[in-house]
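Spelled out, the chains give:
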Amino acid sequence: KAHWENVTSTKLCTTISNKEGASISTIEHLMSALSGLHIDNAIIEVYGPEIPIMDGSAEPFVRLIKEAGIINQKKERKYIKVLKSVTVENEDSSVSIKPNDQFSINLEIDFPSSIIDRQSCKLQMVNGNYVEDISKARTFGFEEDVDTLRNAGFALGGSLSNAVVVGKDRILNKEGLRYKDEFVRHKILDSIGDLYLAGAPIIGYFEGKKSGHKLNNDLLRKLLSEKSNWIYN
């Protein structure tokens, strides 16, 4: 089950596992697409240890889901409504979720790179704006880290076709960026996917500063482990 309790690793991606030892990694982009399209009833079959990276964004999943078709069901949808503010911190990184009348997100990133530097983006996820404003943002990495990652067994299939690669003074992808602030928008894409592991759509205001998969999962654990923090709406 795609659920926060089944998350077993948050190193570079989000991984879920079951009691039998089967695991599937890099689920956050697909989960993000499901959230953005309001899909809450789906069976996903995967042959292999991870979800395909596609082009590094959620857009291919959005397109394929739309092509397959979406069925509206008669049963009413349940939401997790945040009642109390919850915060998780780790050194200079933090995430929080607060009561709000809809799902909104505000994220800030800060990298020691002149190409990225500090970026922030605030969005209200309404009227299907996920598709145009978030889904196309690709994952990114630094040219200087490629060898280290591959020696550790990560990013073995990584290339300019499925990630934005940042050099010392330029972006290596010939086509450039899809959004002027694509880096922070991809972090929002990741966060939306991680938060959809709550078990239902969240009604609340999410705010993150230099956050990642681990803090996102820690936030869900802290929020949902205390019944007074939320209700099904």
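Here's a quick rundown of the structure. These numbers come from a predicted model, not from an experiment. (Residues numbered from 1 in each chain as written. Predicted model: local features only at pLDDT ≥ 70, side-chain atom pairs only at ≥ 80, totals over all residues. Heavy atoms only, no water.)

Moving on: helix 5 (residues 182-195). Helix length check: helix 5 (14 residues) gives 20 Å between terminal C-alpha atoms against 20 Å at 1.5 Å per residue, within 8%. For helix 5, the buried fraction is high: 13 of the 14 residues fall into the buried class. (Helix = DSSP H or I, 4+ residues; strand = E, 2+ residues; numbered from the N terminus. Expected span 1.5 Å × (residues − 1). Buried < 20%, exposed > 50% of the residue type's maximum accessible area, 1.4 Å probe, protein only.)

Among the structural elements, V86 can be located in strand 5 (residues 86-90). Exposure remark for V86: the relative accessible area of 4% places this residue in the buried category. Taking the C-alpha atoms as reference, V86 lies 9.5 Å from P99; in sequence the two are 13 residues apart. Not counting chain neighbours up to four residues away, the residues in contact with V86 comprise V95, S96, I97, L219, K222, L223 and N229. (Contact = heavy atoms within 4.5 Å.)

Let us look at the pairing of strand 12 (residues 205-209). If a strand is regular, its side chains alternate between the two faces of the sheet. Summarising the sheet, strand 6 (residues 93-98) and strand 12 pair through 5 bridges and their orientation is antiparallel. Each residue of the ladder has a partner; that of V95, found in strand 12, is G208. Inspection of the sheet shows strand 7 (residues 104-110) paired to strand 12 by 5 bridges, in the parallel sense. Bridge pairing in strand 12 links I105 to F206. (Pairing = 2+ DSSP bridges.)

In this section: the side chain of D194. Its location among the elements puts D194 in helix 5. Of the side chains with opposite charge, K187 lies nearest to the buried D194, which makes no salt bridge, at 8.7 Å. For D194, the side chain forms a polar contact with the side chain of H213, separated by 2.8 Å. (Lys, Arg positive; Asp, Glu negative; His and termini not counted. Salt bridge = Lys/Arg side-chain N within 4 Å of Asp/Glu carboxyl O. Polar contact = N/O pair within 3.5 Å; in protein donor to acceptor, adjacent residues only side chain to side chain.)

Further remarks concern the sheet that holds strand 5. The 5 strands are arranged 5-6-12-7-8 in an open sheet whose pairing can be described as mixed. Sheet topology places strand 5 and strand 8 (118-124) at the edges, where each strand pairs with a single neighbour. Strand after strand, the sheet turns through a mean of 5 degrees between neighbouring axes, direction not considered. Across 5 bridges, strand 5 lies against strand 6 in antiparallel orientation. Across the sheet, V86 pairs through a bridge with I97, a residue of strand 6. (Axes fitted to C-alpha atoms, helices over the stretch in contact; angles between N-to-C directions.)

Before going further, it helps to spend a moment on unusual backbone geometry. We note that L12 has phi near 70 degrees; this positive angle belongs to a residue other than glycine. Checked against the element boundaries, L12 lands in the loop between strand 1 (7-9) and strand 2 (15-17). You can call L12 exposed: its relative accessible area is 53%. For M54, which is not glycine, the phi torsion reads 55 degrees and is therefore positive. Mapped onto the fold, M54 is located in the loop between helix 1 (28-36) and helix 2 (59-68).

So, on to the pattern of salt bridges. In the structure shown here, the tally under the stated rule is 12 salt bridges. Residue E182 pairs with R138 through a salt bridge whose shortest N-O separation is 2.8 Å. Pair noted here: E182 is in helix 5 and R138 is in the loop between helix 3 (129-133) and strand 9 (140-142), with a separation of 44 residues, a long-range link. K214 is the partner of D218 in a salt bridge, and the nearest nitrogen-oxygen pair spans 2.8 Å. Residue D218 and its partner K214 are located together in helix 6 (residues 213-224), separated by 4 residues, close to a single helical turn. Members of the salt-bridge network, linked through shared partners, are E108, D110 and R118.

With that settled, consider the pairing of strand 6. Of all 6 residues that make up strand 6, 5 are buried, and the element is covered over most of its length. Adjacent in sequence and paired antiparallel, strand 5 and strand 6 are bridged by 2 residues, among which E91 carries a positive phi angle near 55 degrees.

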